[in-house]
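Breakdown of the fold
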Amino acid sequence: KPVELIEEIIEYISRPCETLLDQYAGSGNFVIACYNKNRNSIAIEKDDEMFKKMKNNIESNLDIKFEEIDYEY
């Protein structure tokens, strides 16, 4: 979904500084929209490839860099 649409929805359902959850994070546009609207977000994505795409999308759109996380299954 486009970031602009998600931003509109976020404004209707929450207040600034609240924390919102996206348990099917996909592209990460929800995280970007939350950041743009001064909301905290928790995003969950279980597919490794989609997670990498989401991470790259967020980093490039928000000009931030995530730390590498070393994890084992």
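Report on the accompanying structure. Not measured: the values here are computed from a predicted model.

**Description of the nonpolar core**
Ile 10, Phe 30 and Ile 58 are the most contacted members of the largest nonpolar core, which totals 13 residues. Broken down by secondary-structure element, the contributors of at least two residues to this core are helix 1 (3-13), helix 2 (29-36) and helix 3 (48-62). The dominant element in this core, judged by the number of residues it contributes, is helix 2, at five residues.

**Notes on helix 3**
With 15 residues, helix 3 should reach 21 Å at 1.5 Å per residue; the first-to-last C-alpha distance of 21 Å fits that figure. Along helix 3, the positions that sit buried rather than exposed are Met 54, Lys 55, Asn 57, Ile 58, Glu 59 and Leu 62. On its buried face, helix 3 sits against helix 2 and strand 2 (40-43). Just beyond helix 3, the residue with positive phi is Asp 63, at close to 55°.

**With respect to the pairing of strand 1 (residues 19-22)**
Looking down a regular strand, the side chains alternate between one sheet face and the other. Judged by which residues are buried, strand 1 turns out to be one-sided: Leu 20 and Asp 22 face inward and are buried, whereas Thr 19 and Leu 21, on the alternate face, are not. Where strand 1 and strand 2 come together, four bridges link them in parallel fashion. Its bridge partner lying in strand 2, Asp 22 is registered against Ala 43. Regarding topology, helix 2 serves as the crossover connection from strand 1 to the parallel strand 2, and that connection is right-handed.

**Description of a nonpolar patch on the surface**
A cluster of nonpolar side chains, contributed by Leu 5, Ile 9, Tyr 12 and Ile 13, occupies part of the molecular surface with about 480 Å² of accessible area. Mapped onto the fold, Tyr 12 is located in helix 1. Since its relative accessible area comes to 74%, Tyr 12 is described here as exposed.

**Focus on the packing of helix 1 against helix 2**
Close contact between helix 1 and helix 2 brings their axes to 9 Å; oriented N to C, the two are set at 55°. Overall, the two elements helix 1 and helix 2 adopt an arrangement that is oblique. In this structure, helix 1 crosses over helix 2, and the sense of that crossing is right-handed. Where helix 1 approaches helix 2, its residues Val 3, Ile 6, Glu 7 and Ile 10 are matched on the opposing element by Asn 29, Phe 30, Ile 32, Ala 33, Cys 34 and Asn 36. The class makeup of the residues in the contact of helix 1 with helix 2 is seven nonpolar, two polar and one charged.

Rules and cut-offs
- Residues numbered from 1 in each chain as written.
- Predicted model: local features only at pLDDT ≥ 70, side-chain atom pairs only at ≥ 80, totals over all residues.
- Heavy atoms only, no water.
- Core = buried A, V, L, I, M, F, W, Y, C linked by side-chain atoms within 4.5 Å.
- Buried < 20%, exposed > 50% of the residue type's maximum accessible area, 1.4 Å probe, protein only.
- Helix = DSSP H or I, 4+ residues; strand = E, 2+ residues; numbered from the N terminus.
- Expected span 1.5 Å × (residues − 1).
- Contact = heavy atoms within 4.5 Å.
- Pairing = 2+ DSSP bridges.
- Right-handed = clockwise from strand over helix to strand, strands pointing away.
- Patch = residues over 30% accessible without salt bridge, like charges linked within 9 Å, V, L, I, M, F, W, Y side chains within 5 Å.
- Areas by Shrake-Rupley, 256 points an atom, 1.4 Å probe, with all protein chains shown as cover.
- Salt bridge = Lys/Arg side-chain N within 4 Å of Asp/Glu carboxyl O.
- Axes fitted to C-alpha atoms, helices over the stretch in contact; angles between N-to-C directions.
- Parallel < 35°, antiparallel > 145°, perpendicular 65-115°, else oblique.
- Left-handed = near helix turned anticlockwise from the far one by under 90°.
- Nonpolar A, V, L, I, M, F, W, Y, C, P; charged D, E, K, R; others polar.

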